[in-house]
Amino acid sequence: MISPIESTPTRVSDICGSIRASGKKVAFVPTMGALHEGHLSLVNQARAAGDVVVVSIFVNPKQFGPSEDLDKYPKNLAADQEKLSKKGVELIFAPSPAEMYPPGFATEVKIPKGVTVGFCGAKRPGHFDGVATVVTKLLNIVGPCFAVFGRKDYQQLQVIKRLVADLNLPVHIIEGPTVRESDGLAMSSRNVYLTPEERVRALAIPGALTAAHVLFNQSSNSNPTVGELLTAVKTPIEAAADSVDYITAADPETLIPLQSEATAPPRLLIAAAAFFGATRLIDNTVLGEDAPPQ
Ligand code: AMP
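First things first, this report covers the structure right here in the doc. This one's a predicted model, so the numbers in the text were calculated from it and none came from an experiment.

In this section: helix 6 (residues 127-142). In this model, helix 6 (16 residues) spans 23 Å end to end at C-alpha, consistent with the 22 Å of a helix rising 1.5 Å per residue. Taken across its 16 residues, helix 6 has 14 buried, putting it largely inside the fold. A positive phi of about 85° marks Gly143, the residue just after helix 6.

Quick look at unusual backbone geometry now. Phi is positive for Ala34, close to 50°, though the residue is something other than glycine. Looking at the secondary structure, you find Ala34 in the loop between strand 2 (26-31) and helix 2 (37-49). The phi torsion at Leu255 lies on the positive side, around 65°, for a residue other than glycine. When you line up the elements, Leu255 lands in the loop between strand 7 (243-250) and strand 8 (268-276).

Of all hydrophobic cores here, the largest spans 46 residues; its most connected members are Met100, Val135, Leu139, Cys145 and Val171. Looking at this core element by element, the count peaks at nine residues for helix 6. Among residues more than four places away in sequence, those in contact with Leu139 are Phe28, Cys145, Ala147, Val164, Leu169 and Val171. By size, the runner-up hydrophobic cluster in this structure holds 26 residues, among which are Val226, Ala240, Ala241 and Ile247.

With 15 residues, helix 10 (residues 226-240) should reach 21 Å at 1.5 Å per residue; the first-to-last C-alpha distance of 22 Å fits that figure. The axis of helix 10 is deflected most strongly, by about 25°, at Lys234, and proline Pro236 appears within four residues downstream. Those residues of helix 10 lying buried are Val226, Gly227, Leu229, Leu230, Val233, Ile237 and Ala240. Close packing links the buried residues of helix 10 with helix 8 (196-202), helix 9 (204-217), strand 7, strand 8 and strand 9 (279-287).

Each value, and the rule that gives it
Residues numbered from 1 in each chain as written. Predicted model: local features only at pLDDT ≥ 70, side-chain atom pairs only at ≥ 80, totals over all residues. Heavy atoms only, no water. Helix = DSSP H or I, 4+ residues; strand = E, 2+ residues; numbered from the N terminus. Expected span 1.5 Å × (residues − 1). Buried < 20%, exposed > 50% of the residue type's maximum accessible area, 1.4 Å probe, protein only. Core = buried A, V, L, I, M, F, W, Y, C linked by side-chain atoms within 4.5 Å. Contact = heavy atoms within 4.5 Å. Bend = angle between axes of the 7 residues up to and from the residue.

Scope: geometric values only; no functional claims are made or implied.
Below, the structure written as structure tokens:
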């Protein structure tokens, strides 16, 4: 069966309402399209959680800065539809920007404190306001559901958890682990921008995160300090990348950075963002919880 595509919010609300009225559970996966195995793993999790799977495909202009890649963001709705059809996805919601933001649209959802402050929040002003606004709209359109988000975008996941809790949205969030290529590179729609040479250099990111796991797990030594772990991550990424936006160690829930001289706690997040050519890649791992990337 070919997964049907709907573009109007009211139609999707009606369909999802009917599904729930028939006693079935909706499971929802929001995406920006250009789907890869990372997205499809979230679809698998949605399938396990609910009875009917809805996937949205919307490249949200509000979460891109003026100098970012909105215009060249990869789009291929036909290929995405084929991939989702193979997964038996019951409904694809692919609105146009005008359907999501009609003339007169004026409301913004902002999270000015806490989990939005550091990492990408500091480097991409307004990004998480755009994310929070579109995710609030998408979750309101789909209605009560299981909603699946990837840990690849770790800060975004924490922002959405905050949003859902603070606004009492009737949604149960499910987290999907980061899916990687066989060599460890985190799958991303933006990986297609990388030249072959940049892609080789980009492997420094999963390599560095793996080195942090090795240091963290070395039982012969006493626990490393946060600074020692950060050095193990920064040295190879700074050598390979064209520029580094951030490499930070933080509490995995609050995202508050940890002091370099502190001994590593039992769980800690290391998150990195770096440019390879014009392509900005992000990745992360939670030491003490995630498997090493390589
Ligand atoms: P995007 O289309 O990039 O906005 O991503 C849509 C959803 O897929 C988000 O919840 C992402 O965190 C998730 N996602 C993207 N890449 C991966 C990946 N490599 N592994 C798991 N989830 C991913």
